[in-house]
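Read off the chains here:
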Amino acid sequence: MTSHQNTQTMKPATAAKKLGVYLEATPAEFQEGVVSRTELNELQADPPAWLQELRKNGPHPRPVVASKLGVSIAGLARGGITEPLTTEQIDALKQESPEWLQKERATQAEVRKETARIKERDEERARRAQEA
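Overview of the structure. (Residues numbered from 1 in each chain as written. Predicted model: local features only at pLDDT ≥ 70, side-chain atom pairs only at ≥ 80, totals over all residues. Heavy atoms only, no water.)

1. Concerning the nonpolar core
Thought 1: Formed by Met10, Ala15, Ala16, Leu19, Val21, Phe30, Val35, Leu40, Leu43, Leu51 and Leu54, the largest nonpolar core amounts to 11 residues.
Thought 2: Of all the elements in the fold, those that place two or more residues in this core are α1 (12–19), α3 (37–45) and α4 (49–57).
Thought 3: Of all the elements, α1 adds the most residues to this core, at 3 residues.
Thought 4: Leave out the neighbours within four places in its chain, and Val35 touches Gln8, Thr9, Met10, Ala15, Phe30 and Leu40.
Thought 5: With 10 residues, the next largest nonpolar core counts Leu69, Val71, Leu93 and Leu101 among its residues. (Core = buried A, V, L, I, M, F, W, Y, C linked by side-chain atoms within 4.5 Å. Buried < 20%, exposed > 50% of the residue type's maximum accessible area, 1.4 Å probe, protein only. Helix = DSSP H or I, 4+ residues; strand = E, 2+ residues; numbered from the N terminus. Contact = heavy atoms within 4.5 Å.)

2. Topic: helix α7 (residues 87–96)
Thought 1: Turning to α7, its buried residues number three or more, namely Thr87, Ile90 and Leu93. Each buried residue of α7 lies within a common arc of 120 degrees when the element is viewed along its axis, so the set occupies one face. Within α7, the exposed residues directed more than 90 degrees away from the buried face are Glu88, Gln95 and Glu96.
Thought 2: In the core, the buried residues of α7 are packed alongside α4, α5 (62–69) and α8 (99–131). (Arc of directions from axis to C-beta.)

3. Some words on the side chain of Gln108
Thought 1: Considering the arrangement of structural elements, one finds Gln108 in helix α8.
Thought 2: Discounting chain neighbours no more than four positions away, the residues touching Gln108 are Gly70, Val71 and Ser72.

4. A closer look at the packing of aromatic side chains
Thought 1: Inspection of every chain in the model, using the stated rule, returns 1 aromatic pair.
Thought 2: Summarising the aromatic geometry, the rings of Phe30 and Trp50 are spaced 5.4 Å apart at their centres and angled 55 degrees between planes, so their arrangement reads as tilted. One end of the pair, Phe30, is in helix α2 (residues 28–32); the other, Trp50, is in helix α4, and 20 residues separate them in sequence.
Thought 3: Residue class for Trp50 comes out partly exposed when judged on its relative accessible area of 26%. (Phe/Tyr/Trp six-rings, centres within 6.5 Å; stacked < 30°, edge-to-face > 60°.)

5. Considerations on the pattern of salt bridges
Opposite charge on two side chains permits pairing when their charged atoms draw close.
Thought 1: What the rule picks out here adds up to 6 salt bridges.
Thought 2: Across the pair Glu104 and Arg78 runs a salt bridge whose closest N-O atoms are separated by 2.8 Å. Here Glu104 is found in helix α8, whereas its partner Arg78 is found in helix α6 (residues 73–78), with 26 residues between them in sequence.
Thought 3: With a relative accessible area of 7%, Glu104 lands in the buried category. (Salt bridge = Lys/Arg side-chain N within 4 Å of Asp/Glu carboxyl O.)

6. Let's talk about the packing of α5 against α7
When two helices pack together, you describe them by how their axes are tilted relative to each other and by the distance separating the axes.
Thought 1: Running from N to C, α5 and α7 point in directions that differ by 35 degrees, and their axes come no closer than 10 Å. Every pair of crossing elements has a handedness; the one defined by α5 and α7 is right-handed. On the side of α5, the interface is formed by Val65, Lys68 and Leu69, while α7 contributes Ile90, Leu93 and Lys94. (Axes fitted to C-alpha atoms, helices over the stretch in contact; angles between N-to-C directions. Left-handed = near helix turned anticlockwise from the far one by under 90°.)

Bear in mind that shape data such as this cannot, by itself, settle questions of function.
What follows is the structure, given as structure tokens:
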């Protein structure tokens, strides 16, 4: 008996998220079709010109904008950034360095520090438990 291998597909929104691009900025054929796992892997391994351009210049989705600015997605919202931004707009925000951005970066740094502290504490507890 042979097993049938079904091709796993995903919606364009899911594929765009995995590729780190803003769906509405992708070509129409990408937005209207479905993307197989194989196609996604090919896009990641050998990105076409449109994908390279989107990744370089945007517009970028909120997770990418947040990452490039060094803040959380919630921090973006608190700062009033709800729309996708281009690389140029992100660079301008970095240069401008508004108060909300400075505050959100500081908050994000504290969150990272606390996460590292908790991880270290948990590792220490696990080490003690193994020794006992």
